[in-house]
Amino acid sequence: MKIAICPGSFDPVTLGHLDIIERAADIFDEVIVLVMSNVSKKPMFSTDERIELIKRCLKSDNVKVDTFDGLLVDYAKQKGAAAIVKGLRAMSDFDYEFQQALTNKSLYPKCETVFLTAKGENMFLSSSMVKQVCALGGDIDSFVPAAIAEDIYKRCKGDF
Ligand code: PNS
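A brief structural summary. (Residues numbered from 1 in each chain as written. Predicted model: local features only at pLDDT ≥ 70, side-chain atom pairs only at ≥ 80, totals over all residues. Heavy atoms only, no water.)

A look at the side chain of Glu30
At step 1: With respect to the helices, strands and loops of the structure, Glu30 is situated in strand β2 (residues 30-35).
At step 2: On the accessibility criterion, Glu30 (12% relative accessible area) is buried.
At step 3: Within polar-contact distance, the side chain of Glu30 engages the side chain of Lys64 at 3.4 Å.
At step 4: In contact with Glu30, not counting residues within four places along its chain, are Met1, Lys2, Ile3, Ala4, Asn62 and Lys64. (Helix = DSSP H or I, 4+ residues; strand = E, 2+ residues; numbered from the N terminus. Buried < 20%, exposed > 50% of the residue type's maximum accessible area, 1.4 Å probe, protein only. Polar contact = N/O pair within 3.5 Å; in protein donor to acceptor, adjacent residues only side chain to side chain. Contact = heavy atoms within 4.5 Å.)

Focus on helix α1 (residues 15-27)
At step 1: With 13 residues, α1 ought to run about 18 Å at 1.5 Å a step, and its terminal C-alpha atoms sit 19 Å apart, in line with that.
At step 2: Those residues of α1 that fall on the buried side of the exposure criterion are Gly16, Leu18, Asp19, Ile20, Ile21, Glu22, Ala24 and Ala25.
At step 3: For α1, the secondary structure elements touched by its buried residues are β1 (3-8), β2, α2 (47-57), β3 (63-67), β4 (83-88) and β5 (112-117). (Expected span 1.5 Å × (residues − 1).)

A few points about the sheet that holds β1
At step 1: The strand order across the open sheet formed by 5 strands is β3-β2-β1-β4-β5, and the pairing between neighbours is parallel. Every other strand in the sheet has two partners, leaving β3 and β5 as the edge strands with one partner each. Taken over all neighbouring pairs, the strand axes of this sheet differ in orientation by 30° on average, direction set aside.
At step 2: Pairing between β2 and β3: 5 bridges, direction parallel. When the bridges of β3 are listed, Val35 appears paired with Thr67.
At step 3: Most of the contacts of helix α4 (residues 94-107) go to β4, to which it runs at about 175°, and overall it touches β4 and β5. (Pairing = 2+ DSSP bridges. Axes fitted to C-alpha atoms, helices over the stretch in contact; angles between N-to-C directions.)

Concerning the pairing of β4
Side-chain direction in a regular strand flips from residue to residue, so the side chains alternate between the two faces of the sheet.
At step 1: Within β4, 5 of the 6 residues are buried, leaving the element largely enclosed by the surrounding structure.
At step 2: Of the pairings in the sheet, the one linking β1 to β4 comprises 2 bridges and is parallel in character. From the neighbouring strand, Ile5 faces β4, where its bridge partner is Ile84.
At step 3: Strand direction decides the pairing type here: β4 and β5, joined by 6 bridges, are parallel. By the bridge assignment, Lys86 is partnered in β5 with Phe115.
At step 4: At this point the chain moves from β4, through α4, to the parallel β5, and the crossover so formed is right-handed. (Right-handed = clockwise from strand over helix to strand, strands pointing away.)

Below is the structure:
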């Protein structure tokens, strides 16, 4: 069975993330969406909240959600994962993603990083952009699934 991991901070999950996750689910037998901490980011949603938001949006039966605090490759080893799947948007993603892919490959050569190109309409979309637009009173309905938009609006207003 070919297992793939889609890692990220998902704070919050966007339509761009979900497109990559669902496409990975068409390619691999099982996909694990792995909610992790990015040391350079302070999250708006707790890990449990991010997991719950993702679960609400998933469609495919072969996609699971998990969390892990350590190195991504240690989790990949534990699960016997064949691949780490990441989305690539503009060239601006490339340096950062390439560095991570090479680091992960040298730490655990058995696991490949597979890049899926973001859809045209998601090329500019990121969780940070969603939070910024929302915090400044903008409309995020075309960036995140309807099932979670209200949670983000409320958090930006400080309602919960
Ligand atoms: O969605 P993000 O914030 O771009 O995701 C980045 C993430 C969480 C995938 C990355 O920071 C990560 O892999 N963190 C786990 C720690 C780790 O394994 N670091 C070494 C790989 S560079």
